[in-house]
There are 4 protein chains.
Amino acid sequence: MIIVMEPMATEEDIQRVVRKMESLDFKIILNRGDVMTVVAAIGDKKLIDPSSLASMEGVREIKLIQEPFKLASRESQKADTVIDLGFGVRIGGNNPPVIMAGPCSVEDNKDGLLKTAHAVKAAGAKVLRGGAFKPRTSPYDFQGLEELGLKYLAEAREKTGLLVATEVMDSQDVDLVADYADIVQIGARNMQNFKLLKAVGKINKPVILKRGAAATVREFLLAAEHIMHNGNSNVILCERGIMGVDTHFTRNTLDLLAVPVIKKYSHLPVIIDPSHGTGRRYLIAPASKAALVIGANGLMIEVHHDPDNAYSDGAQSLTIEQFNTMMQELKELENVIYKTQTTK
Amino acid sequence: MIIVMEPMATEEDIQRVVRKMESLDFKIILNRGDVMTVVAAIGDKKLIDPSSLASMEGVREIKLIQEPFKLASRESQKADTVIDLGFGVRIGGNNPPVIMAGPCSVEDNKDGLLKTAHAVKAAGAKVLRGGAFKPRTSPYDFQGLEELGLKYLAEAREKTGLLVATEVMDSQDVDLVADYADIVQIGARNMQNFKLLKAVGKINKPVILKRGAAATVREFLLAAEHIMHNGNSNVILCERGIMGVDTHFTRNTLDLLAVPVIKKYSHLPVIIDPSHGTGRRYLIAPASKAALVIGANGLMIEVHHDPDNAYSDGAQSLTIEQFNTMMQELKELENVIYKTQTTK
Amino acid sequence: MIIVMEPMATEEDIQRVVRKMESLDFKIILNRGDVMTVVAAIGDKKLIDPSSLASMEGVREIKLIQEPFKLASRESQKADTVIDLGFGVRIGGNNPPVIMAGPCSVEDNKDGLLKTAHAVKAAGAKVLRGGAFKPRTSPYDFQGLEELGLKYLAEAREKTGLLVATEVMDSQDVDLVADYADIVQIGARNMQNFKLLKAVGKINKPVILKRGAAATVREFLLAAEHIMHNGNSNVILCERGIMGVDTHFTRNTLDLLAVPVIKKYSHLPVIIDPSHGTGRRYLIAPASKAALVIGANGLMIEVHHDPDNAYSDGAQSLTIEQFNTMMQELKELENVIYKTQTTK
Amino acid sequence: MIIVMEPMATEEDIQRVVRKMESLDFKIILNRGDVMTVVAAIGDKKLIDPSSLASMEGVREIKLIQEPFKLASRESQKADTVIDLGFGVRIGGNNPPVIMAGPCSVEDNKDGLLKTAHAVKAAGAKVLRGGAFKPRTSPYDFQGLEELGLKYLAEAREKTGLLVATEVMDSQDVDLVADYADIVQIGARNMQNFKLLKAVGKINKPVILKRGAAATVREFLLAAEHIMHNGNSNVILCERGIMGVDTHFTRNTLDLLAVPVIKKYSHLPVIIDPSHGTGRRYLIAPASKAALVIGANGLMIEVHHDPDNAYSDGAQSLTIEQFNTMMQELKELENVIYKTQTTK
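Sequence order sets the numbering: in each chain, residues are counted from 1 along the sequence as written. To label them, take the chains in the order written and letter them from A, then take the ligands in the order written and number them from 1. Thresholds applied to this predicted model are a pLDDT of at least 70 for local features of residues and 80 or more for the giving and counting of side-chain atom pairs; totals over whole chains, interfaces and linings are not thresholded and use all residues.

### Points about the overall build of chain A
Secondary structure elements are defined from DSSP: runs of H or I of at least 4 residues count as helices, runs of E of at least 2 residues count as strands, and each element is numbered from the N terminus. The helix and strand tally for chain A stands at 11 helices and 14 strands. C-alpha extents for chain A along the principal axes are approximately 75 × 45 × 40 Å. Remark: C-beta atoms are placed from the backbone, and a residue is labelled buried if 20 or more other C-beta atoms sit within 10 Å of its own, exposed if 12 or fewer do, or partly exposed between those counts. In chain A, buried positions account for 61% of the 344 residues. The contacts in chain A between residues at least 6 apart in sequence include a share of 65% that link residues at least 24 apart. Residues are scored as being in contact if the C-beta atoms we place from backbone atoms lie within 7 Å.

Here it is as structure tokens:
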């Protein structure tokens with residue numbers, strides 16, 4: 001930890017900080033510059049909240065040296081995490097990208113869901129996505145079929161052999177959702193719902209954790225750390241668009257570079273959700289191709305058998321035909337990707 | 001609702017949209033411009049998800065005319081909401097600003113809490129704030145005393161006559177927290193935890209709803225709408241800093257203008273939290289004065305009897321002495337504020 | 001133009017707006033909703049500043065329907081613009097991506113520049129980039145060799161057959177830079193330096209216009225419109241990173257999706273600058289591959305013969321060896337890209 | 001300067017950095033932690049571009065300790081800068097806030113300008129603002145009267161005794177504008193137009209420098225440093241709204257807290273422009289009051305004799321009557337502000 005003192009800090013201010021850090025078993029190195037003094041304290045960040053130091057007289061700023069996430073960090077595990085999702089599907093490392101596809105919401109029309117499921121399976125998807133519990137900005141929008149939706153998803157799994165990924169929004173529903181789903185998903189708006197992170201940390205199903213729209217990579221990895229710290233290390237990180245500059249032409253800014261950035265600092269698999277990330281149907285295919293080329297371990301795509309009548313997110317859902325076309329293109333890319341993948 | 005068609009949309013595309021909107025009982029007015037056609041659909045937004053329209057062939061964009069929040073809107077209630085917090089303290093409308101103060105976290109040292117409580121009461125605060133359940137970015141930071149913290153807060157109320165405001169993080173804890181607290185608080189990271197919003201919508205205690213760091217005013221008011229739609233109309237909105245441009249000199253950007261903006265569009269009371277909003281102790285007093293002048297109905301301030309040893313947020317906590325000084329200055333401002341308040 | 005009236009607007013307020021718009025030769029359609037009235041005015045935006053309308057009594061908001069850029073818009077020209085850069089190199093449309101490479105700054109060591117130029121030419125670059133005039137955040141950083149740097153660049157062109165692209169920072173230097181350069185570049189910080197845009201609008205050299213870090217796509221295309229409106233339609237748009245959420249792990253957020261977004265709304269070629277866009281050397285190759293896959297017409301890459309001793313931007317410059325490796329990978333990608341390019 | 005090494009950096013990587021820094025006359029202190037090594041280099045940042053260090057093998061990150069601005073820093077000058085604007089008006093330090101008011105653009109109607117000028121003078125303004133050169137996002141908007149506008153402003157000064165502040169957009173116009181104006185203004189979009197900063201650094205008129213919408217405080221102060229480094233230390237900093245989260249209800253987010261933040265790190269006067277900062281007329285008065293309370297040294301307000309027919313920015317311009325009312329309120333505030341101003 002680096003403690004930068006104010007230019008006007010007194011010698012007594014400096015010594016007070018040194019004494020406090022020494023009392024906490026930090027080793028201290030004092031760097032006295034022309035303008036200000038810097039106290040380097042070597043030891044373990046866990047012992048002290050940087051904010052209480054920052055409140056001391058004469059302290060200007062605290063700079064952390066070591067990233068605060070540990071279990072999720074590349075330092076703690078050099079090899080990529082590979083997660084077995086079931087049915088022989090593995091995600092992470094050098095495994096081929098896992099395509100997850102399906103409607104935004106599970107709707108009353110079960111036949112529509114089954115139609116979509118059969119179609120995405122035929123096109124090469126391995127996981128059926130679909131929301132039974134729906135986080136909606138407005139209370140007047142469709143809130144999801146809840147347990148009935150979970151039953152529909154389970155039936156689709158029976159009939160297609162697809163794995164099921166679906167969102168859980170509340171700690172009280174974790175067991176229910178984990179009973180039906182193969183993969184439990186935490187939405188972007190709940191990325192820092194710490195009680196929910198704790199609850200999914202205690203189940204033995206893989207978790208897809210979506211990045212909050214305003215979350216830094218550090219905050220994202222710390223959210224994963226909450227899950228891992230509670231016992232579940234099967235975390236799949238999902239970038240789905242962040243707050244950007246332009247909200248007129250796209251819903252969010254898809255941060256594709258987050259894939260190689262996260263892979264440098266963490267061993268966890270990273271997938272991309274181009275549907276929420278862009279909010280526009282014509283951008284899904286280009287974004288998906290770029291995601292695979294940049295190293296994503298999977299994609300999560302909204303597909304609906306009839307988007308014009310979808311209960312939610314129709315504007316960003318592909319039709320079955322569009323999804324088929326895109327999957328063809330992705331397959332052509334895959335071979336060349338494997339050849340050009342830089343070995344670090 | 002305004003539906004902007006693509007410049008290359010065909011007549012058939014346009015007619016398909018018209019038929020769909022008419023089938024939903026909207027009244028249609030077609031505006032054909034030189035470059036593109038605009039379909040104005042007059043009726044109630046509740047009936048249709050704009051996103052499914054946006055997916056139709058030839059549609060470029062949907063523009064909402066009416067704000068999607070209703071119960072929270074100034075149109076639904078012209079007069080300011082005034083909430084009775086208990087002990088004769090009322091917030092909103094022309095009532096004097098309500099000062100809420102106390103430590104970031106309730107800590108093991110109960111005497112410290114009581115010392116702070118007596119001091120802030122003496123200085124003019126009406127509400128004691130303090131976290132028993134703590135949302136923490138890192139799982140290695142102090143997570144709060146939970147029910148024990150609630151008991152300490154209740155004891156402080158007994159001894160000081162202060163009302164108690166404290167955060168609830170999970171739907172499972174709502175009843176517990178509501179048993180001890182006079183005002184229940186939803187943190188910024190949970191602003192779109194919709195199950196939690198629903199749960200606090202069903203209790204009969206006032207709710208402080210903090211604005212998420214990346215939430216627009218519309219999303220903020222829609223979050224309030226979730227609570228009101230579930231039956232609890234005693235919502236106090238709290239601005240506590242948004243994502244801004246500078247993260248080096250301040251933790252967040254305190255959006256003070258949100259106060260008059262929200263008051264134009266909603267009747268709910270609005271308070272400011274300058275402690276989280278700035279993250280720096282030296283900014284608390286200037287921010288608090290500006291907040292009162294700009295029309296805030298209250299302030300939420302972190303005060304600690306010994307910030308250098310606080311479990312959390314020491315850098316942004318005032319000492320008791322600093323709080324006393326600031327309260328003096330705020331009192332001098334109050335008189336002039338009432339004289340200059342523009343009558344709209 | 002859509003004029004949304006306040007819910008409390010009077011009939012007189014509405015009629016005043018109608019009269020004003022009619023006096024400006026707009027055709028008016030009045031949509032009276034339950035809560036508020038909307039005035040649709042059909043005609044040409046050029047005639048009126050929306051802001052003066054917005055100031056009228058009872059007006060809540062103005063919504064533009066048609067994009068304000070014209071010459072740059074896809075509506076004005078359906079086919080992609082193809083620009084002849086010289087030496088038989090063409091950019092835009094279905095031409096292969098044009099690679100521009102070279103050091104951030106032209107430095108005193110001319111031999112280093114020539115070494116880099118020969119190397120990038122051998123690896124397949126068509127354009128040498130390098131700054132003679134350098135915009136630097138601090139006045140204490142290296143400000144560029146100015147005309148001497150231009151001479152070095154011209155000499156490198158002589159010796160390698162590469163085209164030269166270099167930045168102009170001030171309207172007074174436009175003629176000088178255009179004398180030496182084949183392509184004139186406007187930096188991100190000058191994207192809205194309107195006098196400079198006007199000046200490069202009057203020369204007959206192609207212009208690379210970099211997107212400002214906080215510029216929306218609409219503002220970006222309006223900046224191009226300034227150049228085109230002054231007579232120069234050879235504008236190449238360059239995305240180079242926008243303000244995002246994370247400033248710790250990357251310098252900017254590279255908005256790769258801007259490529260297909262811009263191509264939908266404009267006919268101009270779009271290139272990507274992954275060096276400034278990421279600020280980290282290990283991200284250049286993944287970003288470049290993704291850029292080509294997503295449809296970029298070119299790349300602008302910082303390459304330095306000795307990055308550890310570069311005068312500027314060493315951290316984001318590739319070595320010559322790294323550039324060679326990347327170019328190999330890009331070539332393998334190119335074939336498959338052409339096969340999978342969606343035909344819209 | 002703190003150089004953080006990668007956890008996997010070799011001893012040779014570390015020694016290479018140490019040798020390089022020692023060769024540049026830095027004093028080195030090595031801090032070897034459990035996970036990574038930190039090299040603290042004590043000396044003067046001017047000697048080296050941090051980016052070239054960051055490119056060295058094994059280096060993860062460079063952290064600057066000392067702020068890179070010098071002349072603008074509070075360390076270089078403890079006392080507030082006070083600038084004599086002419087006609088006995090002084091800005092900065094304990095001088096009363098200077099009110100600058102006038103139309104966004106100087107328009108053809110000279111009588112309108114004179115009417116506004118007389119009115120704002122009577123209400124207490126000391127400076128007439130008005131644009132003769134107008135930076136406009138679209139080339140189709142009114143671009144200003146240029147020299148004719150300057151003549152009108154000079155005539156208004158003759159007739160009212162107001163000082164004149166007006167914008168210069170290009171280095172070629174600096175002498176012309178300085179001939180007519182008492183205060184020269186750099187717009188937000190030109191905050192990093194370094195040639196223009198250099199040019200105004202060479203005149204002997206005070207400069208108002210507006211903060212770019214995406215500029216950090218550090219970048220803002222470095223832009224001031226460019227002016228000061230070229231010889232002109234009479235710089236007035238103006239906050240006018242930054243990119244925020246909400247673009248629906250306000251044009252920008254007015255960063256009022258920037259006033260006390262800047263005053264901590266710099267001695268320069270700071271003013272607020274609530275007109276551009278909010279873009280909405282009903283927010284000007286609340287923002288202005290908050291600005292004075294938070295310590296602003298002045299305000300820059302758009303006032304127009306007939307905003308419904310203004311050539312630009314009508315929606316955010318006050319009428320003369322509204323300005324008069326606001327000035328009354330500000331005067332009542334002033335007395336109490338002086339009493340409560342915290343003495344640091």
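Resuming the write-up.
### Thoughts on the interface of chain B and chain C
With 18 residues of chain B in contact, the opposing surface of chain C contributes 18 residues. Breaking the side of chain B that touches chain C down by element, the ones donating at least two residues are strand 1 (2–5), strand 2 (27–32) and strand 3 (37–42) of chain B. When residues in the side of chain B that touches chain C are grouped by element, the largest group, three residues, is from strand 3 of chain B. Partitioned by chemical class, the residues of the side of chain B that touches chain C number 12 nonpolar, four polar and two charged. Under the scheme applied, nonpolar residues are Ala, Val, Leu, Ile, Met, Phe, Trp, Tyr, Cys and Pro; charged residues are Asp, Glu, Lys and Arg; polar residues are all the others, including Gly.

### Quick notes on the sheet that holds strand 4 (residues 59–63) of chain D
Residues and elements named next belong to chain D. At least two bridges found by DSSP between two strands is the condition for calling them paired. In spatial order, the strands read 2-3-1-4; together these four strands make up an open sheet with antiparallel pairing. Every other strand in the sheet has two partners, leaving strand 2 (27–32) and strand 4 as the edge strands with one partner each. Strand-to-strand twist in this sheet, taken as the mean axis angle between neighbours without regard to direction, amounts to 20°. Throughout, an axis means a line fitted to C-alpha atoms (over the contacting stretch in the case of helices), and angles, computed between N-to-C directions, take values from 0 to 180 degrees.

### So, helix 3 (residues 110–123) of chain C
All names here are of chain C. Helix span, expected: 1.5 Å multiplied by one less than the number of residues in the helix. Taking 1.5 Å of rise per residue, the 14 residues of helix 3 would be expected to cover 20 Å, and the 20 Å separating its terminal C-alpha atoms lies within 8% of that figure. For helix 3, every residue scored as buried is listed here: Leu-113, Thr-116, Ala-117, Ala-119 and Val-120. Positive backbone phi, approximately 120°, marks Gly-124, located one or two places after helix 3.

### Focus: the relation of the copies chain A and chain B
When the copies are superposed, the least-squares fit takes in the C-alpha atoms of residues with a pLDDT of at least 70 in both. Between chain A and chain B, the superposition needs a rotation of 180° and an axial shift of 0.0 Å, giving an RMSD of 0.0 Å. Both copies are brought into coincidence by an operation consistent with a two-fold rotation axis. Rotation axis and chain A: the residue whose C-alpha lies nearest the axis is A:Ala214, separated from it by 2.9 Å. Of the interface residues in chain A, 100% have counterparts in chain B that sit at the interface too, so the contact is made through matching surfaces.

### Concerning the pairing of strand 2 of chain D
Residues and elements named next belong to chain D. As judged from the six bridges shared by strand 2 and strand 3 (residues 37–42), these two strands associate in the antiparallel manner. By the bridge assignment, Leu-30 is partnered in strand 3 with Val-39. Linking two consecutive strands that pair antiparallel, namely strand 2 and strand 3, is a turn of four residues.

### Thoughts on the domain arrangement of chain A
Residue ranges assigned to the domains are those given by an automatic or database domain assignment. Here the domain parsing of chain A yields domain 1 (2–63) and domain 2 (83–340). Computed over C-alpha atoms, the centres of domain 1 of chain A and domain 2 of chain A are 44 Å apart.

### A short note on the interface of chain A and chain B
On the side of chain B, 44 residues touch chain A, which itself brings 44 residues to the contact. Going through the elements one at a time, helix 2 (50–54), helix 6 (194–200) and helix 7 (217–229) of chain A are the ones with two or more residues in the side of chain A that touches chain B. Counting residues per element, the side of chain A that touches chain B draws most heavily on helix 7 of chain A, which supplies five residues. Tallied by class, residues from the side of chain A that touches chain B come to 16 nonpolar, 16 polar and 12 charged.

### With respect to the packing of helix 3 of chain C against helix 4 (residues 147–160) of chain C
Residue and element names in this part refer to chain C. At a minimum axis distance of 10 Å, the contact between helix 3 and helix 4 shows a crossing angle of 40°. Between helix 3 and helix 4, the angle falls in the class oblique. Where helix 3 crosses over helix 4, the handedness of that crossing is right-handed. Here helix 3 contributes Lys-110, Leu-113, Leu-114, Ala-117, His-118 and Lys-121 to the contact with helix 4, which in turn contributes Tyr-152, Ala-156, Lys-159 and Thr-160. Along the lines of polarity and charge, the residues of the contact of helix 3 with helix 4 split into five nonpolar, two polar and three charged. In this scheme, roughly parallel covers angles under 35 degrees and roughly antiparallel covers those over 145, while 65 to 115 is roughly perpendicular and the rest are oblique. Crossings are sorted by hand: turned counterclockwise from the far helix by less than a right angle, the near helix makes the crossing left-handed, and turned clockwise it makes it right-handed.

### Regarding the sheet that holds strand 11 (residues 207–210) of chain B
All names here are of chain B. Reading around the barrel, the eight strands line up as 7-8-9-10-11-12-13-14 and close back on themselves, with parallel pairing between neighbours. Averaged over all neighbouring strand pairs, the angle between strand axes comes to 25°, with direction disregarded. With two bridges connecting them, strand 7 (residues 98–102) and strand 8 (residues 127–129) associate as parallel partners. Considered in strand 8, the bridge of Met-100 is made with Val-127. Across the sheet, helix 4 (residues 147–160) is in contact with strand 8 and strand 9 (163–167); its angle to strand 9 comes to roughly 160°. Relative to strand 13 (residues 270–272), helix 8 (residues 258–265) is tilted by about 170°, and along the sheet it contacts strand 12 (235–239) and strand 13.

### Remarks on the environment of A:Met100
Inspection of the secondary structure puts A:Met100 in strand 7 (residues 98–102). Non-local contacts of A:Met100, meaning those with residues more than four positions away in its chain, are made with A:Ala125, A:Val127, A:Arg129, A:Ala165, A:Gly298, A:Leu299, A:Met300 and A:Ile301.

### Description of the environment of B:Ile284
Residues and elements named next belong to chain B. The topology assignment puts Ile-284 in helix 10 (residues 284–293). It is 8.8 Å that separates the C-alpha atoms of Ile-284 and Met-326, two residues lying 42 residues apart in sequence. Ignoring any residue separated from it by four or fewer positions in sequence, one finds Ile-284 in contact with Pro-274, Ser-275, Thr-278, Ile-301, Leu-318 and Met-326.

### Remarks on the confidence of the model for chain A
As a per-residue measure, pLDDT tells how confident the predictor is, with possible values from 0 to 100. Taken as a whole, chain A shows an average pLDDT of 92; of its residues, 96% reach a score of 70 or greater. Here the prediction assigns the complex a pTM of 0.94, and the interface score ipTM is 0.92.

### Section: the pairing of strand 3 (residues 37–42) of chain C
Residue and element names in this part refer to chain C. The element strand 3 is extensively covered by neighbouring structure, given that five of its six residues are classed as buried. Of the strand pairs in this sheet, strand 1 (residues 2–5) and strand 3 are connected by three bridges, and their pairing is antiparallel. Following the sheet pairing, Ile-2 is matched in strand 3 by Ala-40.

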